[in-house]
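Residue-level structure breakdown
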Amino acid sequence: MGARGVLGISHLVVGEHRQAIELFSAAAQRGNSDPRYQWAALNAFSHYLLRQYDASLSWAREALYLNPNHLQVLAVRAAALAQLGRDEEAANAVEVLLTSFPGLTVERHLRNFRWKVAADTAHYREGLLKAGVPLHKSTIVDFASKRTANS
């Protein structure tokens, strides 16, 4: 099942989400209990990228049973809720995400994704922004300190 899952990852990365879902689902259903394999999380992303947000949420829920603090799953869950127009739930999901990962921004998060289809990354980015994940870290400039340093 591990080999099927790895092949599924290859399909996910190149944008072949239906094939990825088939392989991840087979790997998840056949009882691979190795915690390194995150078939439910990967299925959540594949369904999200196919705009099957309810299925994405279902797989995210399953993944969160195994690891309730899974960064990527918390993020895709927030994005899926936002894409469904469930704004209050999306805001709550972002609050949970940012409480666990306070420095998270859309820019920082997306640096970890190497999807080959730019539209997939753009779609995920859109969902994260709709949900309320900050684009980038705001910096507060203390002008008084700056003036003192320049004196």
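This write-up is about the structure you can find in this document. (Residues numbered from 1 in each chain as written. Predicted model: local features only at pLDDT ≥ 70, side-chain atom pairs only at ≥ 80, totals over all residues. Heavy atoms only, no water.)

Let's talk about the packing of aromatic side chains
Throughout the structure, instances matching the rule amount to nine aromatic pairs. Consider the rings of Phe-45 and Phe-113, whose centres lie 5.6 Å apart with planes at 55 degrees: the pair is tilted. One end of the pair, Phe-45, is in helix H3 (residues 39-49); the other, Phe-113, is in the loop between helix H7 (106-110) and helix H8 (118-131), with 68 residues separating them in the sequence. You'll find Phe-45 and Phe-113 in the same group, each marked buried. Grouped by ring-pair contacts, the aromatic residues Phe-45, Tyr-48, Tyr-53, Phe-113, Trp-115 and Tyr-124 constitute a single cluster. (Phe/Tyr/Trp six-rings, centres within 6.5 Å; stacked < 30°, edge-to-face > 60°. Helix = DSSP H or I, 4+ residues; strand = E, 2+ residues; numbered from the N terminus. Buried < 20%, exposed > 50% of the residue type's maximum accessible area, 1.4 Å probe, protein only.)

Overview of unusual backbone geometry
In the Ramachandran plot, Arg-51 falls in the positive-phi region, its phi being about 65 degrees despite a non-glycine side chain. By secondary structure assignment, the location of Arg-51 is in the loop between H3 and helix H4 (53-66). Of the residues examined, Arg-51 reaches a relative accessible area of 51% and is grouped as exposed.

A word on helix H5 (residues 71-83)
With 13 residues, H5 extends 19 Å between its outermost C-alpha atoms, agreeing within 8% with the 18 Å of an ideal straight helix rising 1.5 Å per residue. Within H5, 11 of the 13 residues are buried, which leaves it mostly tucked inside the rest of the structure. Among the residues of H5, those classed as buried are Leu-71, Val-73, Leu-74, Ala-75, Val-76, Ala-78, Ala-79, Ala-80, Leu-81, Ala-82 and Gln-83. Against H3, H4, helix H6 (87-100), H7 and H8 lie the buried residues of H5. (Expected span 1.5 Å × (residues − 1). Contact = heavy atoms within 4.5 Å.)

Focus on the nonpolar core
In summary, soluble globular proteins display a tendency toward joint burial of nonpolar side chains. Grouped together as the largest cluster of nonpolar side chains are 41 residues, with contacts concentrated most on Leu-12, Tyr-48, Leu-97, Trp-115, Tyr-124, Leu-128 and Val-133. Within the residue set of this core, elements represented by two or more residues are helix H2 (17-29), H3, H4, H5, H6, H7 and H8. When residues in this core are grouped by element, the largest group, 10 residues, is from H5. Not counting chain neighbours up to four residues away, the residues in contact with Trp-115 comprise Leu-12, Val-13, Phe-45, Leu-49, Asp-120, Thr-121 and Tyr-124. (Core = buried A, V, L, I, M, F, W, Y, C linked by side-chain atoms within 4.5 Å.)

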